[in-house]
Each structure stands twice: as C-alpha cells, then as structure tokens.
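Structural overview for review
Take a look at the letters that make up each chain.
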Amino acid sequence: MTLTRRSILAAAPALAAGAVLGSGTPVLAQARSAPLRVGLIPILAVAPIIVAEKEGWLKEAGLSLGITTFESGPNMIQALASGTLDVYVAGVAPLGVARAKGIDVKVVAATSVEENVFVAGPKLARFAEKGVAPAEVFKRYRDSAGTPARLATQPLGSVPNTTLQHWLWEVAKADPKDVTIVSMGIDATQQAVLAGAVEGGILREPAVSIVTGRNPAIRLMALGGEMFPNQPGTVVAVTRALLDREPDAVQAIVTGIVRAIDLIGRDPERVAPIIEASLGKGLVDTATIRRALVSPATRFAADPRAIVEATAAMQRYQVKLGALDREVPLDGLFEPRFYERAVAGK
C-alpha cells in the first residue's frame, strides 16, 4: 500500500482512539505520566518511531518514550519476559520464540521489509565476479584460502540468522564445508567486516552504507528479497497489557509510524539529520544516513498484514533450523486494526 500525505490526513475522522489533532495524531484523554518503555536495535529500520518522536507527534498525543537499545531481537525477549518493556521494535522472528514461552505480545505495525542483506569483505568479494553463483564464490574462496569463509550474523532465532541460513542452504545451495557461521552482535558484525575478521556478514542500513563507504572493496552481494522473499523485517510489537490498558497510546504510536514512513519517503533530506542525531551518535555523518535512506537495502513499510505469510514461512524455517521447537500459531500475533485506522479513508 502506497502512503500519501493526503491518505494519512484523511485517516483522522476514522481514528477511534481519543481526540484527534488536525494533523491526524490521536490525543490521549490524559497525558501519560511515565514514558513508554521502548526497546529497539540501532538500525535504520527503527527510524519511523524515532522520526515520530522527534517531529513531536507523540508528544502532541501525550506520550514520551524511554528508549533502551539492544544488540539483537532475541536479547530483547528477556526484557519483555521480565516486564521491563512496553514496546518492542526489532525483528519479527524472535516474537515466535516469545509466544512459545508464553509472552503475550502483539505486532501492531511493521517498519521495513527485506532489510537484511549480505555483504562480502574484500577477500571474498574478489571471487564474486558477475555471473558467478554464490555457492561457487564460497567454493573458490575455500579452495584459495584453505579455510571456509567466515560469515557473521546475529544469534540463532534472529531474522538475520534465519535469513542467512535460508539463503545459504535453500537458495544458493552452498556447501556447508565452504562456510562457517559466526554469531555476534550488530556492532560487532559491522566492525568484523570492516576489520577483515570475517569474510562477509549480514548487515542492515546504515551499516551497509558505512562499510561500503569506508572500503569500496566491500561489496553488497545479495539483497534481502533474494535471500528470503518478502523477508519480514523490523516490526513494532506491544505487550498485551499495554494494548488492553492503553489502546489510545498504541494508536498514537502506529499513526506516528505511518506518518513518519510517509515523510521519510517524501523528504529524506529533512529526516536524515533527525535520524543521524539518534542513530549516528557522532560516528555516522548525515551524508551516510542520506545514502542509507535511498539504498537498495532500505524498504520502509508499515502494513503488518503484508508480512503475515512471510513470517509464517520464516517460522517454519526456524523449526527446521532448530531455533524453534514447533510452529506457533500466528492468529493472535498480528493486530492490524491500529494500522487500518491510521490509513482509513485512503
């Protein structure tokens, strides 16, 4: 679904959550006394919730955010289980693990799809000539180096790990003798690729633009859609307790995300400094964020309904990998009504 400013503004009359500002932002009947406890991983895909906050839309709705960063989605599940988070902004795959453990969460919006891509370091990239199949690239590397190519990704159960393994074994048909998967966090993966400590890895923006900008010999070797079609990426999930107790707050978040994705698509120049200030932490310049926003590895999308089928497929593959003991029914995981209200009237 393509979002436009007109469609988002037109959604205001249909919003069921509280009063509504002229901008289409739902307003809580009473401002929340404590910040919403939000967990996220520092990647470009979380930009919509950052933009929604920095543009002031959540504040207008009576919300403030208390943000904690995590290295991966699976690490965040522990915080959900302990009751120290209200909102989860990370990959959808770990939520299957959470539900299997009895943690009741609801996906109320997506933020991006097909965001996990594979980059090859210089030692591996020199074998990735045009027309050479990935499996042959890995074979040629092993024949030359005498050791398997080391490929970095996040822990088993994460979307990056699942995506990498799906690509290697189901799509590329790589020989397991030719590669070794190394589990590490997001920042560590980026640094390992830059330092040549691994031969390749799964990255997301802005890390893709950072590493290829610093070393042009590092190459984007496979896009997300090639690795796992319609790969479900980062989502916004809320605890059942928050949804039941404060539906107005949930609606404000989702409406803000929809508005933010529209703004990012229309005016990346405007939002790049906002995103850089939150994600860059002085280490990434605004020009890199601008490149990341228009990168082939970036696909913002808010509709949670669009990723249900792909999420089921990913969960089936996680069972095959042993990351999940069994498939968990998805009937209760996705709650699209807040998204539907945010874009009603289109």
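Residues numbered from 1 in each chain as written. Predicted model: local features only at pLDDT ≥ 70, side-chain atom pairs only at ≥ 80, totals over all residues. Heavy atoms only, no water.

The next thing to look at is the pattern of salt bridges. All told, the structure shown has 18 salt bridges when counted by the stated rule. Between aspartate 244 and arginine 240 there is a salt bridge, and its shortest N-O distance comes to 3.0 Å. Taken together, the positions of aspartate 244 and arginine 240, both in helix 12 (residues 240-245) and 4 residues apart, correspond to about one turn of that helix. Aspartate 244 gets classed as partly exposed once you look at its relative accessible area, which sits at 49%. (Salt bridge = Lys/Arg side-chain N within 4 Å of Asp/Glu carboxyl O. Helix = DSSP H or I, 4+ residues; strand = E, 2+ residues; numbered from the N terminus. Buried < 20%, exposed > 50% of the residue type's maximum accessible area, 1.4 Å probe, protein only.)

An order of 9-8-10-7-11 is seen for the 5 strands of this open sheet, with the pairing classed as mixed. Edge strands, defined here as strands with exactly one partner in the open sheet, are strand 9 (179-183) and strand 11 (219-222). Going across the sheet, the axis of each strand differs from the next one's by a mean of 30 degrees, ignoring polarity. Sheet topology places strand 8 (residues 149-153) next to strand 10 (residues 200-203); 2 bridges connect them, and they run parallel. Paired with alanine 152 across the strands is glycine 201, a residue of strand 10. Here helix 8 (residues 159-171) sits on the sheet in contact with strand 7 (117-120), strand 8, strand 9, strand 10 and strand 11, set at roughly 175 degrees to strand 9. (Pairing = 2+ DSSP bridges. Axes fitted to C-alpha atoms, helices over the stretch in contact; angles between N-to-C directions. Contact = heavy atoms within 4.5 Å.)

This part covers the layout of surface pockets. Approximately 380 Å³ is the volume found for the largest pocket. Pro42, Asp187, Gln190, Ile210 and Leu279 are, among the 22 residues lining the largest pocket, the residues nearest its centre. Sorting the residues of the lining of the largest pocket by element identifies helix 9 (186-195), strand 10, helix 10 (207-214) and helix 14 (268-280) as the ones contributing at least two each. It is helix 9 that provides the largest number of residues to the lining of the largest pocket, a total of 5 residues. (1 Å grid on protein atoms, 1.4 Å probe; cavity = no way out; pocket = protein on both sides within 12 Å on 5 of 7 lines; lining within 4 Å. Points joined across faces, edges and corners; volume = space filled by probe spheres on them.)

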